[in-house]
Amino acid sequence: MIQVYNRTTKAYEVELIAGKKYIEWTYESPLGKHITELIAKKKLFSKLYGLYCDTKLSANKIPSFIESFNVDMNMAKKKSHEFNSFNDFFIRELTSEARPINKAENILISPGDGRITGYENIDLDNIVQIKGFTYSLRELINDNMVANKYKNGVCLILRLCPTDYHRFHFIDSGIPYENHPIKGYYYSVNPIALKSIPKIFCENKREWSLFKSDNFKDVLHIEVGSTCVVSILQTYSSNVRVDKGAEKGYFKFGGSTTILFFEKDCIKVADDILEQSKLGFECKVQFGESIGTKII
């Protein structure tokens, strides 16, 4: 059972997990772990499922998925019967009213929907993945010079479930730089898997880029793929100025993760997010809501 903290109700909720029995079997049973290493973590497995999710036939899954996971379709631009495939539904766009963006310059907004954890004064070689598991930022992006900028800074991890809105956005106005893809595996990023695979973020396919933010200095954006996420699609143009909340890209089917790094003494993470992170809980957030403030 995975519990997440609802910032609005100030109560814990049990997360509905798509494919829960499959995830538990593949990451907790001896045979499942063997199958994961042999097949499930490989690109071919995710690619084949991704191809299926691009077909018209896969659209038949949409109604039951919406019902099983209480997906609010009132916020989507398309109606459920208008999607051409399951992936078309998965990367659905929302109406402009669905996610109001806090435009205040000193407010840091969430880059997407998901479950967030935050850590301040980070050790670059021991960044928390989940309790008992850490990883190195240098290993994550394979660039020591860039990694060193974030010594004693802030790390925010936004985990997206298959049920979430899967587009990710810029947290401020500014200039985004070129994207750097890194090949890797396709392990699940569900907490069940995070407890089983050390340095999972450094093992998985991922992409990173620097963002010269107007209010939060140079921000490091990292997108991490997952099981059945064949594509991380960047929709922005490098070196072209963007507004706060502009779309950066989207993930095709599967759970995924967005990680943000901030320089030291740049931002103050919201107290409830820091408190819950220390307790080992993620906070449920939506794109555009406040998750921190600028340090002046």
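Heads up: the structure comes first, above all this text.
Residues numbered from 1 in each chain as written. Predicted model: local features only at pLDDT ≥ 70, side-chain atom pairs only at ≥ 80, totals over all residues. Heavy atoms only, no water.

Another point: the overall build of the protein. Scanning the protein from N- to C-terminus turns up ten helices and 18 strands. Of all 296 residues assigned to the protein, the portion counted as buried reaches 55%. On the protein, roughly 13500 Å² of surface is accessible, and the fraction owed to carbon and sulfur atoms is 53%. (Helix = DSSP H or I, 4+ residues; strand = E, 2+ residues; numbered from the N terminus. Buried < 20%, exposed > 50% of the residue type's maximum accessible area, 1.4 Å probe, protein only. Areas by Shrake-Rupley, 256 points an atom, 1.4 Å probe, with all protein chains shown as cover.)

Right, let's talk about the sheet that holds strand 13 (residues 232-234) for a bit. Across the sheet, which stays open at both edges, the three strands sit in the order 8-14-13 with antiparallel pairing between neighbours. Here the strands that pair on one side only, and so sit at the sheet edges, are strand 8 (167-169) and strand 13. The average undirected angle you get between the axes of adjacent strands in this sheet is 25°. Bridging between strand 13 and strand 14 (residues 247-251) involves three bridges; their strand directions are antiparallel. What sits directly across from Leu233, in strand 14, is Tyr250. (Pairing = 2+ DSSP bridges. Axes fitted to C-alpha atoms, helices over the stretch in contact; angles between N-to-C directions.)

Below, the discussion takes up the sheet that holds strand 16 (residues 267-269). Strands sit in the order 3-18-16 across an open sheet of three strands; the sheet is antiparallel. Edge strands, defined here as strands with exactly one partner in the open sheet, are strand 3 (107-109) and strand 16. Direction aside, the axes of adjacent strands within the sheet are offset by 35° on average. The pairing of strand 16 with strand 18 (residues 290-294) spans three bridges and is classified as antiparallel. The partner of Val269 across the bridge, within strand 18, is Gly292. Seen against the sheet, helix 10 (residues 271-279) touches strand 16 and strand 18 and runs at an angle of roughly 60° to strand 16. (Contact = heavy atoms within 4.5 Å.)

Trans peptide bonds make up most of the peptide bonds, and negative phi angles are found at most residues other than glycine. Located in the positive-phi region is Asn142, a residue other than glycine, with phi close to 55°. Topologically, Asn142 is positioned in the loop between helix 6 (137-141) and helix 7 (144-148). Owing to a relative accessible area of 54%, Asn142 belongs among the exposed residues under this scheme.

What follows deals with the nonpolar core. Of all hydrophobic cores here, the largest spans 34 residues; its most connected members are Leu108, Ile116, Leu156, Ile171, Phe216, Phe262 and Ile267. Elements with a minimum of two residues in this core: strand 3, strand 7 (154-160), strand 15 (256-262), strand 16, helix 10 and strand 17 (282-285). A total of four residues in this core trace back to one element, the largest contributor, which is strand 7. Within the second largest apolar cluster, 25 residues are counted, among which are Leu124, Ile157, Cys202 and Leu220. (Core = buried A, V, L, I, M, F, W, Y, C linked by side-chain atoms within 4.5 Å.)

Turning our eyes to something else, we now look at the pairing of strand 4 (residues 114-119). Two faces belong to every sheet, and in a regular strand the side chains alternate between them. Burial analysis of strand 4 places six of its six residues in the buried class, which makes it a mostly covered element. Examined bridge by bridge, strand 4 and strand 7 share five bridges and lie antiparallel to one another. Among the inter-strand pairings, Ile116 is bridged to a residue of strand 7, identified as Leu158.

Take the pairing of strand 11 (residues 206-213) next. Counting buried positions over the eight residues of strand 11 gives seven, a clear majority of the element. Where strand 9 (residues 174-176) meets strand 11, three bridges bridge the pair, whose relative direction is antiparallel. Its bridge partner lying in strand 11, Pro176 is registered against Phe211. Strand direction decides the pairing type here: strand 10 (residues 180-182) and strand 11, joined by three bridges, are antiparallel.

Honestly, it's all geometry; don't read function into it.
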